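Close look at the chain arrangement
One-letter residues, chain by chain:
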2 protein chains.
Amino acid sequence: MSRGPNKTFEPEMVLGKAMEVFWARGYEAASLAELLQNMGISRKSMYDTFGNKQALFLKALEHYAQTNLRSIKEQLLASGSPLRNIEQLLISMQKTHGKSGSKGCMLGTCTADFDTSDVEIAPVLRSYFARLENIYYEAISRAKIAGELSREADARDLARMLLCTTQGMALVGRVLDNETIPTSVVLTTIKALKKM
Amino acid sequence: MSRGPNKTFEPEMVLGKAMEVFWARGYEAASLAELLQNMGISRKSMYDTFGNKQALFLKALEHYAQTNLRSIKEQLLASGSPLRNIEQLLISMQKTHGKSGSKGCMLGTCTADFDTSDVEIAPVLRSYFARLENIYYEAISRAKIAGELSREADARDLARMLLCTTQGMALVGRVLDNETIPTSVVLTTIKALKKM
């Protein structure tokens, strides 16, 4: 069997390209033609390596989650003040989601995009949100231990608020053309954390 | 020209049926067949009354926004304590979005669903979010005037935080099967409002 010129490729890199298409267009609107064009591989290579469109989507989503959860965790684990790390993370999110043309969070857009009668995708998304909530929970707990947040602050409740507030900011940011809303949200969230 | 048996219908009611399909499935995945079946009208009646799929979608979205923004405004304008009205609204949202199979907010799901390169829908969604933000802003301002919130509280910042937190709660609620996250979010948001 002859191998086409694009048979050799880096799966992670190609998956990243598929991720960009799904992230911008959503699962349904992402056409196979656009996916293949962006991935730079043949239809056969795609099916051989990743499976059908749904399997490719789930792998692209996992790629997104792994990359982003790792990056958020690293930012929150930076040396120095744990609370300052949370603030820095929120400020970087504010900049990202305040940009015109921002795509939001792929976990969030998929959560909105998937059909509520589809029972396969919900547990996958739920588990990503739980991992993200735990990353926030650990960061808030470190800030409590460092004496930067009140001992009375409920780290679990605050982690869940952070999860929803940042998801909302990422979502609304998709239709914004300036930073006003993200800036207000980040200022208020940081203030709320400190007053709890 | 003969009129079919389903030529007589109540446009608002039929639009509500189309809204349900778009809300659950998203714009792309909502098929014309399912839309027509749920609306209970013929393809010709649909085109004559609402236009093509995109025009129908925009009318359904407007129907959703009008209905929900009016309802939220009414709840926040109920007699008695303005802060208590905000709390009651958040608690009712918590119950809605904590339910298994909840569909979230249609404005939010459309914001995630629409293609970021589509320049027509962004201003429509932006204007709905601005109206919702203003409804929250007015409610928070009334709570400040009533002395229930600190005079130092920034009503605009808080309104934007409410907008994003509730959008995030509605979004994450789509994949939840219990009320844990919405309950934490509502408790923390109410506490944050009172401490600002």
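Residues numbered from 1 in each chain as written. Chains lettered and ligands numbered in written order. Predicted model: local features only at pLDDT ≥ 70, side-chain atom pairs only at ≥ 80, totals over all residues. Heavy atoms only, no water.

1. Structural notes on the overall build of chain A
- Scanning chain A from N- to C-terminus turns up nine helices and zero strands.
- Going from N to C terminus, chain A has its helices and strands arranged as α-α-α-α-α-α-α-α-α.
- With the principal axes as the frame, chain A shows a C-alpha extent of 65 × 35 × 30 Å.
- When contacts within chain A are restricted to residue pairs at least 6 apart in sequence, those whose partners lie at least 24 apart make up 67%.
- For chain A, the accessible surface area stands at approximately 8800 Å², while carbon and sulfur atoms represent 52% of it.
- Chain A carries 25 positive and 21 negative side-chain charges, and their two centres are separated by 3 Å. (Helix = DSSP H or I, 4+ residues; strand = E, 2+ residues; numbered from the N terminus. Contact = heavy atoms within 4.5 Å. Areas by Shrake-Rupley, 256 points an atom, 1.4 Å probe, with all protein chains shown as cover. Lys, Arg positive; Asp, Glu negative; His and termini not counted. Charge placed at Lys NZ, Arg CZ, Asp CG, Glu CD.)

2. What about the interface of chain A and chain B?
- Of the residues lining the interface, 47 residues belong to chain A; the matching set on chain B comes to 47 residues.
- Roughly 4200 Å² of surface becomes buried between chain A and chain B when both sides are summed, with 65% attributable to carbon and sulfur atoms.
- At the surface where chain A touches chain B, the tally comes to two salt bridges.
- Summed over the shared surface of chain A and chain B, the number is twelve residue pairs in polar contact (both at pLDDT 80 or more).
- Element by element, the count of residues in the side of chain A that touches chain B is highest for helix 8 (residues 155–173) of chain A, at twelve residues.
- When grouped by side-chain class, the residues that make up the side of chain A that touches chain B number 21 nonpolar, 13 polar and 13 charged. (Buried area = accessible area lost by both parts, 1.4 Å probe. Salt bridge = Lys/Arg side-chain N within 4 Å of Asp/Glu carboxyl O. Polar contact = N/O pair within 3.5 Å; in protein donor to acceptor, adjacent residues only side chain to side chain. Nonpolar A, V, L, I, M, F, W, Y, C, P; charged D, E, K, R; others polar.)

3. Thoughts on the relation of the copies chain A and chain B
- The two copies are related by a screw operation: chain A maps onto chain B through 180° of rotation and 0.0 Å of translation along the axis, at an RMSD of 0.0 Å. Taken together, the rotation angle and the small translation identify this as a two-fold axis.
- In this assembly, 100% of the residues forming the interface of chain A have copies in chain B that are likewise at the interface, indicating an isologous arrangement. (Least-squares fit on C-alpha atoms with pLDDT ≥ 70 in both.)

4. Some words on the packing of helix 4 (residues 53–76) of chain A against helix 6 (residues 106–113) of chain A
Residue and element names in this part refer to chain A.
- Two elements in contact, helix 4 and helix 6, have axes separated by 10 Å at closest approach and are oriented at 145°. Residues Phe-57, Ala-60, Leu-61, Tyr-64, Ala-65 and Leu-69 of helix 4 form the contact with helix 6, whose participating residues are Met-106, Leu-107 and Cys-110.
- Among the residues making up the contact of helix 4 with helix 6, the classes are represented as nine nonpolar, no polar and no charged. (Axes fitted to C-alpha atoms, helices over the stretch in contact; angles between N-to-C directions.)

5. Let's talk about the packing of aromatic side chains
- Applying the stated rule across the entire model yields eight aromatic pairs over all chains.
- Relative to Tyr64(A), the ring of Trp23(A) has its centre 5.0 Å away and its plane inclined at 70°; by these criteria the two rings are edge-to-face. Here Trp23(A), found in helix 1 (residues 11–25), pairs with Tyr64(A), found in helix 4; they are 41 residues apart in sequence, far enough to count as distant.
- Judged by relative accessible area, which is 16%, Trp23(A) ranks as buried.
- For the ring pair Phe22(B) and Phe57(B), a centre distance of 5.1 Å and an interplane angle of 80° mean the geometry is edge-to-face. With Phe22(B) in helix 1 (residues 11–25) and Phe57(B) in helix 4 (residues 53–76), the pair connects residues that are 35 residues apart, well separated along the chain.
- A relative accessible area of 2% places Phe22(B) in the buried class. (Phe/Tyr/Trp six-rings, centres within 6.5 Å; stacked < 30°, edge-to-face > 60°. Buried < 20%, exposed > 50% of the residue type's maximum accessible area, 1.4 Å probe, protein only.)

6. Some remarks on the side chain of Thr109(B)
- The residue Thr109(B) is located in helix 6 (residues 106–113) in this model.
- In this structure the side chain of Thr109(B) is engaged in a polar contact, spanning 3.2 Å, whose partner is the backbone oxygen of Met106(B).
- For Thr109(B), the residues in contact, after removing those within four places along its chain, are Ala112(A), Trp23(B), Lys103(B) and Arg174(B).

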